[in-house]
Amino acid sequence: MNGTQHAHPRPGSGSDSGPGSVIVVGSGPTGLLLAGDLATAGIPVTLVEKRPRRISNLSRAFVLHARTLEQFDARALADDMEAVGRPLDRLRLFGRLSVDLADLPSRFRHLLVLPQYEVEKVLERRAVAAGVEFRHETETTGVRQDPAQDTVTVEVRGPGGKTETLRAAYVVGADGMHSTVREAVGLPFPGRSAIRSVVLADVRLAEQPETLLSVNAVGDAFAFLAPFGDGYHRVIGWHRGRNVPDSEPLHLDEVKEITRRALGRDFGMHDPRWLSRFHSDERQVPAYRVGRVFLAGDAAHVHTPAGGQGMNTGLQDAANLSWKLAAVLHGHAGSGLLDTYQSERHPVGRSVLRSSGGIVRLAMAKRPWTLALRAALTTVLDHVGPLRRRATGHITGVGFRYPAPRGSHRLTGTRVPDVALAGGGRLYEALRGGRFVLITPHAPPPDAAPTPDASTAPTPDAEAYGAAAGREDRLAVAHWASGRRTTLLVRPDGYVAWAEEEAETARTEAALDAHVG
């Protein structure tokens, strides 16, 4: 699915989208995934985007990590992206420090090199097919909450300067670092510029690099090189001694010089189609939610591009929030569920901000003590398995877990890998459709005589948890392919909502009432 067909906006349905609707501002990967999820769940969604209707190739993100690929797998999108992207089983950070992905506890034991615009193509097609209403060339100019009416009003300016008022039950700002939604609700964006005068260039190469992704830091220079897949490569570079405003003109000779310093050669760069400068900030809002307004992706957090975690973190924000909004709007959960978006995703954003900044600072180490620290860290990660696995889990996203209530099972809040299910299925196929998945042990019927294959007979009341209780639209019931005795309730985003060993039917039913409704 790598065609060039773009989405066509559906005719507007009026200024009031209804009390059960959501307005998403921003059609980058985060906004597109969120809007597509909500529309797939039957929630009316309007996506507001100030840019014209086209997919831009001026993107900085190039990497999909394993956890993001798992989320796409739960939406039947991963295979499409794998067909277009190029896998890489080792991520080099700087010098001798690299992350080996071959042992990841995931179906995706690699990262996928795929430009952001290719991700957007897939997500946009899905959103259009699900019925998202697109409003391109429409700028958000104000956001106002009305607690008495349980609605949010969004003021927009459309093509030709026409003003309009949109209303919905909730608004999600996925409109980037310079978020209008964030400013409208009065949230600060504290932080600082971590790196200034970073250069970007899209160029052709006369000589192909030996590796799919080339990255290194030497002395005062850092460079990153990645393929678009259309004959061009993206170059990102920085030189400590070249601290100029973003508005300073950039020439190809400067890009070549930085690349030669960091990577040893410039690969015969020529025919640039885009040259630009930017500065990389480290910032995070104190709150991801203000009443009925949420922030996601770069509107909530920005950090350095080190480790390729930016787009991935925003997509994980969307995956966390979408099923919760759908559950509340369908009446299956109370509004308190939405508070867990802050408690679960804000710590992850803070952690990514710190780790990506740390990678950059170590990559650009100059003082003797920082050089010694970098060398020591490289040695430790090379030789200490638990620390290496923890670092790998953090960068790829598979190692994060969410807070769990006191006294919960040790698995509560953890990510569930793509486990095998009875009948030849697997978990992330069962998650498709935005449902919870209840995985129960096999057991023979109570009145059956023991047989050698009794472990393959389903529990007689397993399906009753779904269909008989009216949950079939939001709950799939499955059984372990193994003889495991844990009963596991997996959330739509692939994390454990509840677990218990040798669970009784009444306990399982109570957990379903609490989490699925």
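This is a predicted model, so every value here is computed, not measured. (Residues numbered from 1 in each chain as written. Predicted model: local features only at pLDDT ≥ 70, side-chain atom pairs only at ≥ 80, totals over all residues. Heavy atoms only, no water.)

**Comments concerning the overall build of the protein**
Helix and strand content of the protein: twelve helices and 24 strands. Out of the 517 residues in the protein, the part that is buried amounts to 54%. Considering only intrachain contacts with a sequence separation of at least 6, the fraction spanning at least 24 residues in the protein is 70%. (Helix = DSSP H or I, 4+ residues; strand = E, 2+ residues; numbered from the N terminus. Buried < 20%, exposed > 50% of the residue type's maximum accessible area, 1.4 Å probe, protein only. Contact = heavy atoms within 4.5 Å.)

**Comments concerning the side chain of His-301**
Looking at where His-301 falls in the secondary structure, it is placed in strand β20 (residues 301-302). Engagement of the side chain of His-301 in a polar contact is seen with the side chain of Asp-317, the distance being 2.6 Å. In this structure, His-301 is in contact with Phe-189, Arg-283, Gln-284, Tyr-288, Thr-313, Gly-314 and Asp-317, ignoring residues within four places of it in sequence. (Polar contact = N/O pair within 3.5 Å; in protein donor to acceptor, adjacent residues only side chain to side chain.)

**Describing the pairing of strand β14 (residues 214-218)**
Among the five residues that make up β14, four are buried, leaving the element largely enclosed by the rest of the structure. Summarising the sheet, β14 and strand β15 (residues 221-227) pair through five bridges and their orientation is antiparallel. When the sheet's bridge partners are listed, Ser-214 is paired in β15 with Leu-225. Counting the residues between successive antiparallel strands, the hairpin from β14 to β15 contains two residues, one of them, Gly-219, with a positive phi of roughly 60°. (Pairing = 2+ DSSP bridges.)

**Description of the packing of helix α1 (residues 29-40) against helix α7 (residues 310-329)**
One can describe the packing of α1 onto α7 by two numbers: an axis separation of 8 Å at closest approach and a directional angle of 25°. In terms of their interaxial angle, α1 and α7 are classed as roughly parallel. As α1 packs across α7, the resulting crossing turns out to be right-handed. Between α1 and α7, the contacting residues are Pro-29, Thr-30, Leu-33, Leu-34, Asp-37 and Leu-38 on the first element and Met-311, Gly-314, Leu-315, Ala-318, Ala-319, Leu-321, Ser-322, Leu-325 and Ala-326 on the second. Residue classes in the contact of α1 with α7 are distributed as eleven nonpolar, three polar and one charged. (Axes fitted to C-alpha atoms, helices over the stretch in contact; angles between N-to-C directions. Parallel < 35°, antiparallel > 145°, perpendicular 65-115°, else oblique. Left-handed = near helix turned anticlockwise from the far one by under 90°. Nonpolar A, V, L, I, M, F, W, Y, C, P; charged D, E, K, R; others polar.)

**Topic: the environment of Arg-240**
For Arg-240, the location among the structural elements is in the loop between β16 (233-239) and α6 (252-263). The partly exposed category is assigned to Arg-240, whose relative accessible area is 30%. Sequence spacing of Arg-240 and Gly-219 is 21 residues, and the spatial spacing of their C-alpha atoms is 8.8 Å.

**Some thoughts on the side chain of Glu-120**
Along the chain, the position of Glu-120 falls in helix α4 (residues 116-130). Although buried, Glu-120 forms no salt bridge, and the nearest oppositely charged side chain, Arg-51, lies 4.8 Å from it. Aside from chain neighbours lying at most four places away, what touches Glu-120 is Ser-27, Gly-28, Pro-29, Leu-32 and Ile-55. (Lys, Arg positive; Asp, Glu negative; His and termini not counted. Salt bridge = Lys/Arg side-chain N within 4 Å of Asp/Glu carboxyl O.)

**Notes on the confidence of the model for the protein**
Looking at the protein as a whole, its pLDDT mean stands at 87, while 85% of the residues score no less than 70. Note that residues 1-14 has pLDDT below 50 and, in this model, 34 contacts with residues that lie over four places away or in other chains. This stretch, residues 444-460, has a pLDDT under 50; its non-local contacts, to residues over four places away or in other chains, come to 16 contacts. (pLDDT = per-residue confidence, 0-100.)

**Re the environment of Pro-29**
Relative to the helices and strands, Pro-29 is located in helix α1. The buried category is assigned to Pro-29, whose relative accessible area is 8%. Measuring from C-alpha to C-alpha, the distance between Pro-29 and Val-119 comes to 6.9 Å, with 90 residues separating the pair along the chain. When neighbours within four sequence positions are excluded, Pro-29 is seen to be in contact with Gln-116, Glu-120, Leu-123, Met-311 and Leu-315.

**Some points on the packing of helix α2 (residues 66-73) against α7**
Relative orientation of the contacting elements α2 and α7 amounts to 40°, with a least axis distance of 9 Å. Taken together, the axes of α2 and α7 are oblique relative to one another. As α2 runs across α7, the sense of the crossing is left-handed. From α2, Arg-67, Thr-68, Gln-71 and Phe-72 reach across to α7, where they touch Asn-312, Leu-315, Gln-316 and Ala-319.

**Section: the packing of aromatic side chains**
The description of an aromatic ring pair uses the distance of the two centres, along with the angle that the planes make with each other. Under the defined criterion, the tally for this structure stands at seven aromatic pairs. Measuring from ring centre to ring centre gives 5.0 Å for Phe-62 and Phe-228, while their planes differ by 65°; the resulting arrangement is edge-to-face. Of this pair, Phe-62 sits in the loop between β2 (45-48) and β3 (63-64) while Phe-228 sits in the loop between β15 and β16, and the two are 166 residues apart along the sequence. In terms of burial, Phe-62 and Phe-228 fall into one category: buried. Where Tyr-170 meets Phe-294, the ring centres are 6.0 Å apart and the plane angle is 55°; that geometry is what we call tilted. Note that Tyr-170 is positioned in strand β12 (residues 170-173) and Phe-294 in strand β19 (residues 293-295), a separation of 124 residues in sequence. By the ring-pair criterion, three or more aromatic residues cluster together here, those being Tyr-170, Tyr-288, Phe-294 and Tyr-341. (Phe/Tyr/Trp six-rings, centres within 6.5 Å; stacked < 30°, edge-to-face > 60°.)

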